[in-house]
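Geometric and topological summary
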Amino acid sequence: MKPKLCAAGKQLREQFDDCFGDRDRTSDGWLGDSKHATRKSDHNPDEQGWVRAIDIDRDLFGKPKPDIMPDVADQLRTLAKSDKRISYIIFDGKIASSKSVWRWRPYTGINKHLHHCHISFTIKGDEDSSFFNIPLLGATK
Ligand SMILES: [Zn+2]
């Protein structure tokens, strides 16, 4: 099956693009490369072709660059308590998922994710492109 990014992943990436038009996309990604394919990763398509992960480069601004990805990641983490489309978040040496009741805990994988934020999605996000209600990503309340 042809790989396709889940609707939730497309929507979230679009919100990043809408809010941070000049952002650096160097470390962006969704579809896993051959290195990913050898291990279990949400960047690898499942049998139906669904890819349930995106990477967003840490640099959300052109110059000068206030580093606000930590705040965005934190708002994502908070939203994930109620938005069941988010499976887990890895950023800056930390991971948050429902397993840790959405608290940050140290991430011990090889890639510490210092340059991008990884967001994995559940199957609930396959076809659900609802707006992610995140203040730093365009939510109005
Ligand atoms: Zn990733």
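Details of the structure are given in the entry above.
This section reports on the structure supplied with the text. (Residues numbered from 1 in each chain as written. Predicted model: local features only at pLDDT ≥ 70, side-chain atom pairs only at ≥ 80, totals over all residues. Heavy atoms only, no water.)

Another aspect to go through is the pattern of salt bridges. On inspection of all chains with the given rule, the structure shows ten salt bridges. As a salt-bridge pair, Asp74 and Arg77 come within 3.0 Å of each other at their nearest N and O atoms. Taken together, the positions of Asp74 and Arg77, both in helix H3 (residues 69-80) and three residues apart, correspond to about one turn of that helix. In this structure, the salt-bridge partner of Arg85 is Asp83, at a minimum N-O distance of 2.8 Å. A relative accessible area of 4% places Arg85 in the buried class. (Salt bridge = Lys/Arg side-chain N within 4 Å of Asp/Glu carboxyl O. Helix = DSSP H or I, 4+ residues; strand = E, 2+ residues; numbered from the N terminus. Buried < 20%, exposed > 50% of the residue type's maximum accessible area, 1.4 Å probe, protein only.)

Turning to the nonpolar core, a few remarks are in order. Counting residues in each nonpolar core, the largest one holds 29 residues, and the members touching the most others are Leu12, Phe16, Ile86 and Ile119. Elements with a contribution of two residues or more to this core: helix H1 (7-19), strand E2 (50-51), strand E3 (53-57), H3, strand E4 (86-91) and strand E7 (116-121). Per-element accounting of this core gives the leading share, six residues, to H3. When near neighbours in sequence (up to four residues on either side) are disregarded, Leu12 contacts Ile54, Leu76, Ile119, Phe121, Phe132, Ile134 and Leu137. (Core = buried A, V, L, I, M, F, W, Y, C linked by side-chain atoms within 4.5 Å. Contact = heavy atoms within 4.5 Å.)

The terminal C-alpha atoms of H1, which comprises 13 residues, lie 18 Å apart, in line with the 18 Å expected from a rise of 1.5 Å per residue. Contacts from the buried residues of H1 go to strand E1 (4-5), E3, H3 and E7. (Expected span 1.5 Å × (residues − 1).)

Our next topic: the coordination of the zinc ion. Donor atoms from the polypeptide that coordinate the zinc ion comprise His43 (NE2), Asp55 (OD) and His118 (ND1), at 2.0 to 2.1 Å from the metal. Each donor residue of the zinc ion belongs to the same chain, with the gaps between them written as H-x11-D-x62-H. Linking Asp55 in strand E3 with His118 in strand E7, this pair joins segments that are 63 residues apart in sequence. (Donors = N, O, S within 2.8 Å, 3.2 Å for Na, K, Ca; no water.)

Here four bridges tie E4 to strand E5 (residues 94-97), and the two strands are oriented antiparallel to one another. Residue Tyr88 lies in a different strand from E5, and its bridge partner there is Ser97. Hairpin remark: E4 followed by E5, antiparallel, with two residues in the connecting loop; positive phi at Asp92, about 55°. Of the strand pairs in this sheet, E5 and strand E6 (residues 105-106) are connected by two bridges, and their pairing is antiparallel. Note on E6: the bridge partner recorded for Lys94 is Pro106. (Pairing = 2+ DSSP bridges.)

Once that is clear, we can look at the packing of aromatic side chains. Enumeration according to the criterion identifies two aromatic pairs in this entry. Directly above the ring of Trp50 sits Lys4, whose terminal nitrogen or CZ lies 4.4 Å from the centroid. Over the ring of Trp104 we find Lys94; its NZ or CZ atom is 5.0 Å from the centre of that ring. (Phe/Tyr/Trp six-rings, centres within 6.5 Å; stacked < 30°, edge-to-face > 60°. Lys NZ or Arg CZ within 6 Å of the ring centre and 35° of its normal.)

Here we come to the side chain of Arg58. Tracing the backbone through its elements, the reader meets Arg58 in the loop between E3 and H3. Given the relative accessible area of 17%, Arg58 is considered buried. Within the local environment of Arg58, its side chain forms a polar contact with the side chain of Asp67, the two groups lying 2.7 Å apart. (Polar contact = N/O pair within 3.5 Å; in protein donor to acceptor, adjacent residues only side chain to side chain.)

Attention now goes to the sheet that holds E7. Within the open sheet, the five strands sit side by side as E3-E7-E4-E5-E6. Their pairing is antiparallel. The open sheet is flanked by E3 and E6, the only strands paired with a single partner. Looking at chain direction, E4 and E7 are connected through four bridges and run antiparallel. For Ile90, the partnering residue across the bridge sits in E7 and is His118. This element, H1, spans E3 and E7 of the sheet and lies at about 15° to E3. In the packing of H3 onto the sheet, contacts are made with E3, E4, E5 and E7, and the angle to E4 comes to roughly 155°. (Axes fitted to C-alpha atoms, helices over the stretch in contact; angles between N-to-C directions.)

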